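One-letter residues, chain by chain:
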Amino acid sequence: MRMRNAVEVLAIALLAGALAAGCGDDPAPGTTGGTASGTGSTASTGAASGVEGPRGSKDVPLEGEALRDFDWTAFFPPGDGWRAFRQELVFNNGAEPETLDPHVMTGVPEHTLALALFEGLTSHHPETLQALPGVAEWWEISDDGTVYTFHLRRDAKWSNGDPVTAEDFRWSWKRALDPATASQYAYQLYAVVNAQRFNAGETKDFAEVGCEAVDAHTFRVTLAAPTPYFLDLTSFETLMPVHRATVEEHGIAWTQPRNFVGNGPFVVSEWKPRDEIVMTPNPHYWNAGIVRLRTIRAKALDDMNTAYNEYLAGKLDWMKAIPQKRIDEVQQHPDYYVWPYLGSYFYRFNVTRKPFDDVRVRKAFNAAVDKDSLCRNTLKAGQIPATGFVPPGIHGYEGVTGHPYDPEGAKALLAEAGFPGGRGFPDVELLYNTSEAHQQVAEVISSMWREVLGINVKLRNMEWKVYLDDVDNLRYQIARAGWIGDYTDANTFMDMFVTDGGNNNTGWWDAQYDRHIAEAAQEQDPLARARLFAQAEEILCVDEMPILPIYYYVNQGLLRSRVKGLAENIRDLHPFQLIYIDGPAGK
């Protein structure tokens, strides 16, 4: 098949309507559970009158100087009635953020805050998720799809008034790739020439990496091969710029309110640990004229029941998660919504520790879980039982079908591994981050393991930061996990599990799997590329099973009707500069 250049491939992806999805680990699945757009499995239900999407044009050029004419004010309806109301948004972010450093963050709570505090070369259309101008006012793409030239806007500034320059991006990408930074998401830059070699320490000369500050307002990026989702990546937090002087002066304390310098529409004004982060407008933001909110309060309530009570009391405007045990009640609330979401909920096995170094044990634990019953009787919001890892909704990729629920087969596998009826099986612990929804899922699944396998699994919950650290350092046996796609391509899910991948966190590796992923990165025939991903997913979810797929997400929450400018999309990505309040406070 004739290879399509990057622009053509990107156009196909955009027209397919299955665009980029969120970010990394998700701490609160009561908010989310999973069907991707277009699967027909979950109805999209908006809050009574609150989910009013932006009005901006969806017909945006893919490249060229015409991007300079994009009108952000078109996202707002005419009239200024909103001015009569206090412009404060209070929402529950679900967890205390691990960090506000965009090069180090990995979770959804952190990603949500990054959208307010930083801006990459591009932004996203809030409905279609198509790439829109960010710090880059416009860009050009070479005919072969490997060279991107970004033209930065001259009025882009940091929150301290310094200009945002091409050198800021060059230095920031160098920092993200520097092994000393230990960015788990450094691989998001591997499409760039020699980026992987620099991250691996194989070259110390960053001049060999394909990014260049041509002048103060021109940033040129050279890719190793055409990468159709590259524009999506340029809005991702790992590729966002940080203020060099601030980072170098304050070290890890640079994100504290007294030191913080960012380039997004908002800045950190106050950080009360385990309570809230307060953000206020950045007066130097290039598009400050459209920003309507005067205050954003991101609450760190990891107990969804507490958060729900706060919502009922009128203290929250937006809940991005719901208490799973009260789902029947929540679904009757007029502010309830459920939207498609591109993500997978699963358990990791630590294959470096017995007994999960034995694939028969891993397969037995999987076969003992009735995922249909879990989704139908416990989750109840249209989540899809998963036997593979890549969720539906990615254009051109069908995924694989893994092992079904098979209690008798599970018993046989466990007996074959030397533990008939669970006798002699060592003590096992399931780790999850603090969340009523995670607890409920863990309780249901552990009861299935007890009933089918005769094994009692101890449950252990931990605060988000500690949980992430334990998972990163393989201090667990089984661990809860969730992955939200970073862009619309099977690769965003599949490249997680390459050998020593920054988000692998299972201790598992497979040379053939690595080869399939590496070959897919170079393959230009979409059908051949999809076959390579399918072969890799077969290894992951059928042959080896270092993970236990459980379900595909949906996005559930509660949103006041007075909150405007927040639109449905499969990434749950909502630019805060477009959100505003148009209505009185109330329950």
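Above this text sits the structure in question.
Residues numbered from 1 in each chain as written. Predicted model: local features only at pLDDT ≥ 70, side-chain atom pairs only at ≥ 80, totals over all residues. Heavy atoms only, no water.

(A) Seen up close, the overall build of the protein chain. Secondary structure summary: the protein chain contains 16 helices and 19 strands in total. Evaluated residue by residue, the protein chain yields a buried proportion of 61% over its 587 residues. Expressed as a percentage of contacts within the protein chain between residues at least 6 apart in sequence, the contacts between residues at least 24 apart total 74%. Here the protein chain has roughly 21,000 Å² of accessible surface; of this, 47% comes from carbon and sulfur atoms. (Helix = DSSP H or I, 4+ residues; strand = E, 2+ residues; numbered from the N terminus. Buried < 20%, exposed > 50% of the residue type's maximum accessible area, 1.4 Å probe, protein only. Contact = heavy atoms within 4.5 Å. Areas by Shrake-Rupley, 256 points an atom, 1.4 Å probe, with all protein chains shown as cover.)

(B) Summary view of helix α16 (residues 526-544). If you check α16, its first and last C-alpha atoms are 26 Å apart, about what 19 residues at 1.5 Å a residue would give, namely 27 Å. Along its length, α16 reaches its greatest deviation from straightness, about 30 degrees, at E538. Inspection of α16 places A528, R529, A530, L532, F533, A536, E537, I539, L540, C541 and V542 among the buried residues, and these make up the whole buried set. Its side-chain oxygen 2.9 Å from the backbone nitrogen of L527, D525 forms the N-cap of α16. (Expected span 1.5 Å × (residues − 1). Bend = angle between axes of the 7 residues up to and from the residue. Polar contact = N/O pair within 3.5 Å; in protein donor to acceptor, adjacent residues only side chain to side chain.)

(C) Up close: the packing of helix α10 (residues 371-379) against helix α12 (residues 436-453). Interhelical geometry of α10 versus α12 gives an angle of 135 degrees and a closest axis separation of 11 Å. Considering their axes alone, α10 and α12 lie oblique with respect to each other. Considering the relative orientation of α10 and α12, their crossing is right-handed. On α12, the residues touching L374, T378 and L379 of α10 are Q440, V441, V444 and I445. Of the residues belonging to the contact of α10 with α12, the class tally is 5 nonpolar, 2 polar and no charged. (Axes fitted to C-alpha atoms, helices over the stretch in contact; angles between N-to-C directions. Parallel < 35°, antiparallel > 145°, perpendicular 65-115°, else oblique. Left-handed = near helix turned anticlockwise from the far one by under 90°. Nonpolar A, V, L, I, M, F, W, Y, C, P; charged D, E, K, R; others polar.)

(D) Spatial organisation of the nonpolar core. In this structure, F150, W173, Y347, F365 and W449 are the most contacted members of the largest nonpolar core, which totals 156 residues. The element that contributes the greatest number of residues to this core is strand β12 (residues 336-349), accounting for 8 residues. Residues contacting F150, with those up to four places away along its chain left out, are L121, T122, A136, W138, W139, H217, T218, F219, V221, F230, L231 and T234. The next biggest cluster of nonpolar side chains, apart from the first, holds 14 residues, and it includes I322, V330, A381 and V554. (Core = buried A, V, L, I, M, F, W, Y, C linked by side-chain atoms within 4.5 Å.)

(E) Just the side chain of R292, in detail. As for its placement among the helices and strands, R292 is situated in the loop between β9 (276-281) and β10 (295-299). Buried and unpaired, R292 has D582 as its nearest opposite-charge partner, separated by 6.5 Å. Apart from the residues within four sequence positions on either side, R292 is in contact with F76, W82, Q87, I579 and Y580. (Lys, Arg positive; Asp, Glu negative; His and termini not counted. Salt bridge = Lys/Arg side-chain N within 4 Å of Asp/Glu carboxyl O.)

(F) Looking closely at the packing of helix α9 (residues 359-367) against helix α11 (residues 407-416). The geometry of α9 relative to α11 is characterised by a closest axis approach of 8 Å and an angle of 160 degrees between their N-to-C directions. Classified by the interaxial angle, the pair formed by α9 and α11 is roughly antiparallel. By crossing handedness, the relation of α9 to α11 is classed as left-handed. Seen from α9, the contacting residues are R360, K363, A364 and A367; seen from α11, they are P407, A410, L413, L414 and E416. Here the contact of α9 with α11 is built from residues that sort into 6 nonpolar, no polar and 3 charged.

(G) Quick look at the sheet that holds strand β4 (residues 136-141). Ordered in space as β4-β5-β7-β6, the 4 strands form an open sheet in which the pairing is antiparallel. Two strands bound the open sheet, and with one partner strand each, they are β4 and β6 (211-215). This sheet shows a mean twist of 20 degrees between the axes of neighbouring strands, independent of strand direction. Bridging between β4 and strand β5 (residues 147-152) involves 5 bridges; their strand directions are antiparallel. Note on β5: the bridge partner recorded for I141 is Y148. (Pairing = 2+ DSSP bridges.)

(H) Looking closely at the pairing of strand β15 (residues 457-462). One ladder, built from 6 bridges, connects strand β14 (residues 428-433) with β15; its direction is parallel. Counterpart to E429 in the pairing with β15 is K458. For the crossover from β14 across α12 to β15, the handedness is right-handed. (Right-handed = clockwise from strand over helix to strand, strands pointing away.)

(I) Highlighting the packing of aromatic side chains. What the rule picks out here adds up to 42 aromatic pairs. Between Y341 and Y553, the aromatic rings sit 6.1 Å apart at their centres with planes inclined by 65 degrees, giving edge-to-face as the arrangement. You can see Y341 sitting in strand β12 and its partner Y553 sitting in strand β17 (residues 547-559), a full 212 residues away along the chain. Take Y341 and Y553: they sit in the same class, and that class is buried. Measuring from ring centre to ring centre gives 6.0 Å for Y345 and Y553, while their planes differ by 80 degrees; the resulting arrangement is edge-to-face. Of this pair, Y345 sits in strand β12 while Y553 sits in strand β17; the two residues are 208 residues apart in sequence, bridging distant segments of the chain. There is no split in this pair, since Y345 and Y553 are both buried. Through pairs of rings, three or more aromatic residues link up here, namely Y341, Y345, Y347, F349, F356, F365, F419, F425, W449, Y551 and Y553. The lysine or arginine in question, R153, covers the ring of W286, its NZ or CZ lying 3.5 Å from the ring centre. (Phe/Tyr/Trp six-rings, centres within 6.5 Å; stacked < 30°, edge-to-face > 60°. Lys NZ or Arg CZ within 6 Å of the ring centre and 35° of its normal.)

(J) Representation of the environment of G382 in the model. Here G382 shows up in the loop between α10 and β13 (384-385). With 171 residues separating them in the primary sequence, G382 and Y553 have C-alpha atoms 8.5 Å apart.

(K) How the structure looks around the pairing of β17. With 13 of its 13 residues buried, β17 lies for the most part within the structure. Where strand β11 (residues 318-319) and β17 come together, 2 bridges link them in antiparallel fashion. Bridged to M319 within β17 is L558. Alignment of β13 against β17, held across 2 bridges, turns out to be antiparallel. Bridging from a neighbouring strand, I384 pairs with Y552 of β17.

(L) Representation of the side chain of Q188. Following the sequence through the fold, Q188 ends up in the loop between α3 (166-177) and α4 (195-199). Looking at Q188, its side chain comes within polar contact range of the side chain of D486, at 2.9 Å. Once you skip the residues sitting within four places of it in the chain, Q188 turns out to touch L233, F236, L239, D486 and Y487.

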